[in-house]
Amino acid sequence: MKQYTDRELAAFGLDAQRIPKHIAIIMDGNGRWATQKGLPRAAGHRAGVNALREIIRFCSDIGVEALTLYAFSTENRKRPKEEIGVLCGLLIEYFNREIDELHANAVRIRSIGDLSWFPGAVQEAVRNAEQKTAKNAGLKLNIALNYGGRAELVSAMRRAIDAGEPLAEDTLGRYLDTADAGDVDLLIRTSGELRISNFLLWQIAYAELYFTDVKWPDFTREELLRALRDYAGRDRRFGGLKTDGVK
Ligand code: IPE
Ligand code: IPE
Ligand code: MG
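The present account deals with the structure reproduced in this document. Every residue gets a number counted from 1 within its own chain, in the order that chain's sequence is written. Here every chain gets a letter starting at A, and every ligand a number starting at 1, in the order they are written. Per-residue local features of the predicted model are confined to residues with pLDDT of at least 70, and side-chain atom pairs are confined, for both listing and counting, to 80 or more; whole-chain, interface and lining totals are unaffected and use all residues. The basis for every side-chain value is the complete set of non-hydrogen atoms in the structure, without hydrogens or water.

## A short note on the nonpolar core
Considering soluble globular proteins, one finds that nonpolar side chains tend to be buried as a cluster. Selection criterion: Residues enter a nonpolar core if they are buried and are Ala, Val, Leu, Ile, Met, Phe, Trp, Tyr or Cys, with the set joined through side-chain atoms within 4.5 Å. Classification of residues uses two cut-offs on accessible area relative to the type maximum, computed with a 1.4 Å probe and protein chains only: under 20% is buried, over 50% is exposed, and between them is partly exposed. Under the scheme used here, helices are H or I runs from DSSP no shorter than 4 residues and strands are E runs no shorter than 2 residues, and both carry numbers assigned from the N terminus. By definition, residues are in contact when any of their heavy atoms lie within 4.5 Å.
I23, I25, I56, I62, L67, F95 and I188 are the most contacted members of the largest nonpolar core, which has 51 residues in total. Looking at this core, the elements with two or more residues in it are β1 (22–26), α3 (41–61), β2 (66–73), α4 (81–104), α5 (120–133), β4 (140–147), β5 (186–189) and α8 (221–232). Considering every element that reaches this core, the biggest residue donor is α4, with nine residues. What L67 contacts, discounting residues up to four positions off in sequence, is H22, I23, I25, I56, C59, L139, K140, L141 and N142. One finds A24, Y70, L187 and F199 within the second-largest nonpolar core, a separate group that totals twelve residues.

See the structure below:
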């Protein structure tokens, strides 16, 4: 929940009127971060998890409404099973360790993607975090786990049709996993890759895109501030004519 006054935001170089409502992040580069340091990839994933706390906390404190994080894609299932095992262990550890602080900050956690593919202990840790924080009114934190934008669209269409809904843009939007977070305003990808990798295909139709070479474990609050200041200077036209800045 927003902790800072508009004046405090200004001290960070932020304009309270130009904070994105929905931020999505493709947290990429853990493996290369580790390799460059001569460490195993697992160490990169651990450092990546550690980078989360500061980012989530700051988004909550500046009044971002929704934050959607890409943690594991449908395509990541192709990785060696040892690496998947490391990631599963880190997920369980993360939820168990952070849940109390997230809850205390009124963060509402939800997973998007097909959780049923994961081992029972991962599902349990995630479901527990979702249940515990379900009624919180602060930051909506969506964690994409075994998520793919195409799979999400197919499932949304299927459910809309099963419910007898007409297939229209607004109805489909209501069946997406992120329905209550709405469209993405700012999409960030770390590690220098310039692609979307099957993340939130529908929701990013008019998102502002921000790419940085910084690898996810090094993505600090200062790096997020850079992205936010950059976003605040964008002219979002949504196909219309020039406005005086971000709406
Ligand atoms: C992102 O880091 C985390 C996941 C995809 C799970 P990577 O593991 O993709 O790191 P790089 O891209 O190989 O450096
Ligand atoms: C995207 O990163 C998925 C996550 C960050 C969870 P990848 O590392 O899997 O993407 P590609 O393979 O470089 O496109
Ligand atoms: Mg990667």
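Next comes the rest of the account.
## A closer look at the site of ligand 1
Threshold: Working definition: residue near molecule or strand if any one of its non-hydrogen atoms lies within 4 Å of it. Here a polar contact is taken to be a pair of N or O atoms separated by no more than 3.5 Å, where protein atoms must pair a possible hydrogen donor with a possible acceptor and residues adjacent in sequence count only if both atoms sit in side chains. With residues, only the protein chains shown are counted as cover, and all accessible areas are computed by Shrake-Rupley using a 1.4 Å probe. Under this grouping Gly is polar, as are all residues other than the nonpolar Ala, Val, Leu, Ile, Met, Phe, Trp, Tyr, Cys and Pro and the charged Asp, Glu, Lys and Arg.
Neighbouring ligand 1 are 13 residues, the closest being D28, G31, R32, R41 and R79. In this structure, N30 approaches ligand 1 through a main-chain N or O atom, which is 3.2 Å from an oxygen atom. Within the contact set of ligand 1, an oxygen atom lies 2.9 Å away from a side-chain nitrogen or oxygen of R41. When isolated, ligand 1 has an accessible area of 380 Å², and the protein chains bury 88% of it. For the shell around ligand 1, the secondary-structure elements that each account for two or more residues are α2 (30–36), α3 and α4. Looking at the shell around ligand 1, the element that brings in the most residues is α2, giving three residues. For the shell around ligand 1, a count of residues per class yields three nonpolar, five polar and five charged.

## Focus: the packing of aromatic side chains
How we decide: Between rings of Phe, Tyr and Trp, where Trp is taken as its six-membered ring, a pair exists when centres lie within 6.5 Å; planes separated by under 30 degrees are stacked, by over 60 edge-to-face, and by other angles tilted.
Going through the model one piece at a time under the given rule, you end up with twelve aromatic pairs. Residues Y206 and F238 carry aromatic rings whose centres are separated by 5.4 Å and whose planes lie at 50° to one another, so their mutual orientation is tilted. Of this pair, Y206 sits in the loop between β5 and β6 (208–211) while F238 is found in the segment after α8, placing the two residues 32 residues apart along the sequence. Judged by its relative accessible area of 44%, F238 is partly exposed. Measuring from ring centre to ring centre gives 5.4 Å for W216 and F219, while their planes differ by 20°; the resulting arrangement is stacked.

## A word on the environment of C88
The residue C88 is located in helix α4 in this model. Residue C88 is classed as buried on the basis of its relative accessible area of 7%. What C88 contacts, discounting residues up to four positions off in sequence, is F118, P119 and V122.

## Structural notes on the site of ligand 2
For ligand 2, the full set of nearby residues is I26, M27, D28, Y70, A71, F72, N76, R79, R189, R195 and S197. For ligand 2, an oxygen atom lies 3.2 Å from a polar atom in the side chain of R189. In the environment of ligand 2, an oxygen atom lies 2.6 Å from a nitrogen or oxygen atom belonging to the side chain of S197. Within the complex, the protein chains bury 78% of what would otherwise be the 390 Å² of accessible surface of ligand 2. With three residues, the single largest contributor to the shell around ligand 2 is β2. Here the shell around ligand 2 is composed, by residue class, of five nonpolar, two polar and four charged.

## Section: α3
Spelled out, the test is: By this rule the span expected of a helix is its residue count minus one, scaled by 1.5 Å.
Taking 1.5 Å per residue, 21 residues should reach 30 Å; α3 reaches 31 Å between its end C-alpha atoms and fits that length. Among the residues trailing α3, G63 stands out with phi positive, at a value near 90°.

## Details of unusual backbone geometry
Backbone geometry at N146 places phi at a positive 50°, although glycine is not the residue there. Mapped onto the fold, N146 is located in strand β4. Overall, N146 belongs to the buried group, its relative accessible area being 2%. A positive phi angle is found at S191, which is not glycine, with a value near 80°. On the secondary structure map, S191 appears in the loop between β5 and β6.

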